[in-house]
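Summary of the model geometry
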Amino acid sequence: MSRINYLLNKFAQGTCSANEFEELMHLLQREDLDQELRNALQKIETTLESELISDSRINKRGHIVNSGQVNNTFKILKLRKVAAIALIILGIPALIFIIVRSVGNHQKGYQKSVVSTPAGSKTSVTLPDGTKVWLNAKSTLTYTTGFGDGKREVALTGEAMFDVKHDSLHPFLVHTDGFDVTDLGTVFNIRAYPEDKISEAALISGSIEISLNKTKAKKIHLKPSQKLILHNDSVSLESNSQMSMTRILPIVPDPQTQIAADTSWMVNKLIFKEETFGTLAMRLQRRYNVVIIFEKQSCSQYKFTGRFEDETIDEALLELQAIAPFSYRKRGNKIFISN
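Scoring rules and cut-offs
Residues numbered from 1 in each chain as written. Predicted model: local features only at pLDDT ≥ 70, side-chain atom pairs only at ≥ 80, totals over all residues. Heavy atoms only, no water. 1 Å grid on protein atoms, 1.4 Å probe; cavity = no way out; pocket = protein on both sides within 12 Å on 5 of 7 lines; lining within 4 Å. Points joined across faces, edges and corners; volume = space filled by probe spheres on them. Helix = DSSP H or I, 4+ residues; strand = E, 2+ residues; numbered from the N terminus. Nonpolar A, V, L, I, M, F, W, Y, C, P; charged D, E, K, R; others polar. Core = buried A, V, L, I, M, F, W, Y, C linked by side-chain atoms within 4.5 Å. Buried < 20%, exposed > 50% of the residue type's maximum accessible area, 1.4 Å probe, protein only. Contact = heavy atoms within 4.5 Å. Salt bridge = Lys/Arg side-chain N within 4 Å of Asp/Glu carboxyl O.

Right, let's talk about the layout of surface pockets for a bit. Reported here for the second largest pocket is a volume of approximately 1200 Å³. In terms of lining, the second largest pocket is formed by 37 residues, of which the most central are Phe272, Lys273, Glu274, Glu275 and Arg283. Counting only elements with at least two residues in the lining of the second largest pocket, the list comes to strand S15 (198-205), strand S18 (226-231), strand S19 (246-250), strand S20 (270-276), helix H5 (277-288) and strand S22 (303-308). For the lining of the second largest pocket, the element with the most residues is S20, which contributes 6 residues. Along the lines of polarity and charge, the residues of the lining of the second largest pocket split into 12 nonpolar, 9 polar and 16 charged.

Grouped together as the largest cluster of nonpolar side chains are 29 residues, with contacts concentrated most on Phe162 and Ile190. Every residue in contact with Phe162, bar those within four places of it in the chain, is listed here: Lys132, Val133, Leu141, Val154, Leu156, Phe172, Val174, Thr186, Val187, Phe188 and Ile190.

Attention shifts here to the pattern of salt bridges. This structure, assessed with the given rule, holds 11 salt bridges. The partner of Asp196 in a salt bridge is Arg286, and the shortest N-O contact between them spans 3.0 Å. Here the residue Asp196 occupies a position in the loop between strand S14 (187-192) and S15, and Arg286 occupies one in helix H5, the gap between them amounting to 90 residues. A residue is classified by how much of its surface remains accessible, and Asp196, at 12% relative accessible area, is buried. Here Arg286 falls in the buried class, since its relative accessible area comes to 5%.

Below you can see the structure in the form of structure tokens.
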């Protein structure tokens, strides 16, 4: 039995440890995984029950449409006593998946569910309280089994759009490494990838309250079409220094598409303005499931403004080469940048 098959079986039986789950998530991002994963899941699937969950519709401008129409329906496969594995197979070569699982100390009755997406994919989930969450590539959402029963808290690593179900008595709380976001019922986007230089909370509608992890007593309130930017280097600093490294800026839509860069991923676009190649490379890695290595660090300082939608990674790099003088070579999923 392969290692992936072994770990998936342990996961399905509810005996997968936290370390084994981290190993499983790492293995699931391998390029050559598709057929092996399909075979392993096909064996496990016979022991699971299925339930349909629907997404809300997103229009071409990245706005959430509450039309009640079902869009991109997918199955979440439930195991009887623990959480579940969900599969989404779209019309693209890669297998896109979500894993929802239970971990923790069962003797204490503590469990948590984890929804995770690999690089090169996106997905969505409806939480027990009716809140809808769209996860961008290489993102993980965690919540406890007590969610929605008097307490609504989730933890996010990566990027997600939240359409929070209104409940004035039970605020919705999102934890990230750098800050916490409290909300009563609104739409907002959070980007909090640990490898990025900045984290961001962007408010689309309603209102949210943000508390930096070093300055819990000081609350920051955002208005619609505002975003807070936090430099991730400041997370380890003292409270006063962390406050000085935050900014509140307006959300400005792209003049040609009228789509905000902050939510462009929801409509499969990548919009960037005066962004360094180093920062843009992090987003390209997650979008195309590649690893970009700068052999010449000077190349990472090139700045670009533009947008990608249907381009392949080669087409995207070709467009960037028309702006800045660099060359690249590929080896597997690794891309080496030089000048």
